[in-house]
Amino acid sequence: YASYKEGYVVDENSFEFAHPESDVRNAAVNRTKNIMTHLSVLEPCYYMIHANQHYTWDFDGYKSSGMLWWETKTYYKEEAVKSYQTLVAHAATLNGGTGKVLIENIANEGATSSSFSATAAHLKWFCQQCPGLGVCLDVSHAVVNGINNPATMMTELGSYIKAVHMHGNNSANGRDFHLIPGYSGGLYQVPPYSTVDNLNWGAIYSALIATGYRGPFTYELETYARDCIPSFNNMIHNYL
């Protein structure tokens, strides 16, 4: 995951796949290739990476303004494509190419529909530019700040979805709470955040089924002792 850093910073743990400076971008790609190579012994189906949310999809002001790239807080989707294409090609060399690279939609505090990887249109464009690339759809990320309707997002992405992260949230929140679907407990009693999951899970499951999806189904959850039994009973109920 690439967190924004003010100024030109080369961090040994950076995963800045869309960085306009080639040395930073290449370091991130090479680091990821090394991780993929080590993980290949597990024969994974997918290698999932995070895109970045902190920059604007179509902004190219620094090219004409004379500003330094970090003054614009902008990354470029064309640079991300270079990284993703390289990682997809590397995955093809591991275990006969059985493991595919996925990018996850990202939206958290401060995200808007113009954020770099927030919408289905953004993710689909990346996949079209990088044949073999797929999407890990995070349902809770989809609704942060009311940016997306997750069921609609699933319909728009269709067969590009290869993995899912299922967890509850409240679409009025600017955060990603990792709630168990249907949760209505008492966590995070700090205004203005609500802890009640208000997602329409019937519509979400129906949309996912309609895409023909048969891939991994991952609950990405935070756990709290007093809520474990009722929460996991609720989770089991989703399958009944």
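Refer to the structure above for everything that follows.
This is a predicted model, so every value here is computed, not measured. (Residues numbered from 1 in each chain as written. Predicted model: local features only at pLDDT ≥ 70, side-chain atom pairs only at ≥ 80, totals over all residues. Heavy atoms only, no water.)

Draft legend 1. Looking closely at the overall build of the protein chain. When its secondary structure is counted, the protein chain shows nine helices and five strands. Going from N to C terminus, the protein chain has its helices and strands arranged as α-β-α-α-α-β-α-β-α-α-β-α-β-α. Residue burial in the protein chain is summarised as follows: out of 240 residues, 48% are buried. The long-range share in the protein chain, meaning contacts at least 24 apart out of those at least 6 apart in sequence, stands at 68%. With the model as given, the accessible surface of the protein chain reaches about 11,400 Å², and the carbon-plus-sulfur share is 54%. (Helix = DSSP H or I, 4+ residues; strand = E, 2+ residues; numbered from the N terminus. Buried < 20%, exposed > 50% of the residue type's maximum accessible area, 1.4 Å probe, protein only. Contact = heavy atoms within 4.5 Å. Areas by Shrake-Rupley, 256 points an atom, 1.4 Å probe, with all protein chains shown as cover.)

Draft legend 2. Spotlight on the sheet that holds strand β5 (residues 217-219). An order of β1-β2-β3-β4-β5 is seen for the five strands of this open sheet, with the pairing classed as parallel. Each end of this open sheet is capped by a strand with a single partner; those strands are β1 (46-50) and β5. The mean angle between the axes of side-by-side strands here comes to 25 degrees, regardless of whether they run parallel or antiparallel. Here strand β3 (residues 134-138) runs beside strand β4 (residues 161-166); their pairing, made up of four bridges, is parallel. Across the sheet, residue Asp 138 finds its bridge partner in β4, namely His 165. (Pairing = 2+ DSSP bridges. Axes fitted to C-alpha atoms, helices over the stretch in contact; angles between N-to-C directions.)

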